[in-house]
Amino acid sequence: MMEPGIFFALWGFGWILGILGLVAIVWVIYDVLVNQKRMPDVEKVVWIIVALFLGIIGAIIYYVIVKSSHKYEEPREESPKSNEDIPVY
């Protein structure tokens, strides 16, 4: 029989993994919909499904394949260096 201390430790560990999995899913969905402007819609749907079914593992795969290559992200605009570079309308 399992001791109560071990049971509660495993129960707490399961909760932590569940919350991390949920955060990973939300991160992938948010990044796909907001940051990946040039990604085709079909590929967006595929990544969302991968995130929903694979959780943390899907997020790791997404990071390795998409995020590390910056494949679909639009280049960021550089901030003005001085006040003279700011356009006035």
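Read on for an overview of the structure. (Residues numbered from 1 in each chain as written. Predicted model: local features only at pLDDT ≥ 70, side-chain atom pairs only at ≥ 80, totals over all residues. Heavy atoms only, no water.)

As a packed pair, helix α2 (residues 41–54) and helix α3 (residues 56–67) sit with axes 6 Å apart at the nearest point and diverge in direction by 145 degrees. From α2, W47, V50 and L54 reach across to α3, where they touch I56, I57, G58, I61, Y62, I65 and V66. In terms of residue class, the contact of α2 with α3 is made up of 9 nonpolar, 1 polar and no charged. (Axes fitted to C-alpha atoms, helices over the stretch in contact; angles between N-to-C directions. Helix = DSSP H or I, 4+ residues; strand = E, 2+ residues; numbered from the N terminus. Contact = heavy atoms within 4.5 Å. Nonpolar A, V, L, I, M, F, W, Y, C, P; charged D, E, K, R; others polar.)

For the rest of this paragraph, the subject is the nonpolar core. The biggest cluster of nonpolar side chains holds 11 residues, and these are A24, V28, V32, M39, W47, I48, A51, A59, Y62, V66 and Y72. Of all the secondary-structure elements, those providing two or more residues to this core are α1 (4–35), α2 and α3. Not counting the four nearest positions on each side in its chain, M39 is found in contact with V32, K44, W47, V66 and Y72. (Core = buried A, V, L, I, M, F, W, Y, C linked by side-chain atoms within 4.5 Å. Buried < 20%, exposed > 50% of the residue type's maximum accessible area, 1.4 Å probe, protein only.)

Within the element layout of this structure, D31 appears in helix α1. At 2.4 Å, the side chain of D31 forms a polar contact with the side chain of Y62. Those residues in contact with D31 that lie beyond four places of it in its chain are Q36, Y62 and K67. (Polar contact = N/O pair within 3.5 Å; in protein donor to acceptor, adjacent residues only side chain to side chain.)

Here we take up α3. Among all positions in α3, only G58, A59, Y62, V66 and K67 are buried. All buried residues of α3 project into a common sector of 105 degrees when viewed along the axis, lining one side. Residues of α3 that are exposed and point more than 90 degrees away from the buried face comprise I57, I60 and V64. Contacts made by the buried residues of α3 are with α1 and α2. (Arc of directions from axis to C-beta.)

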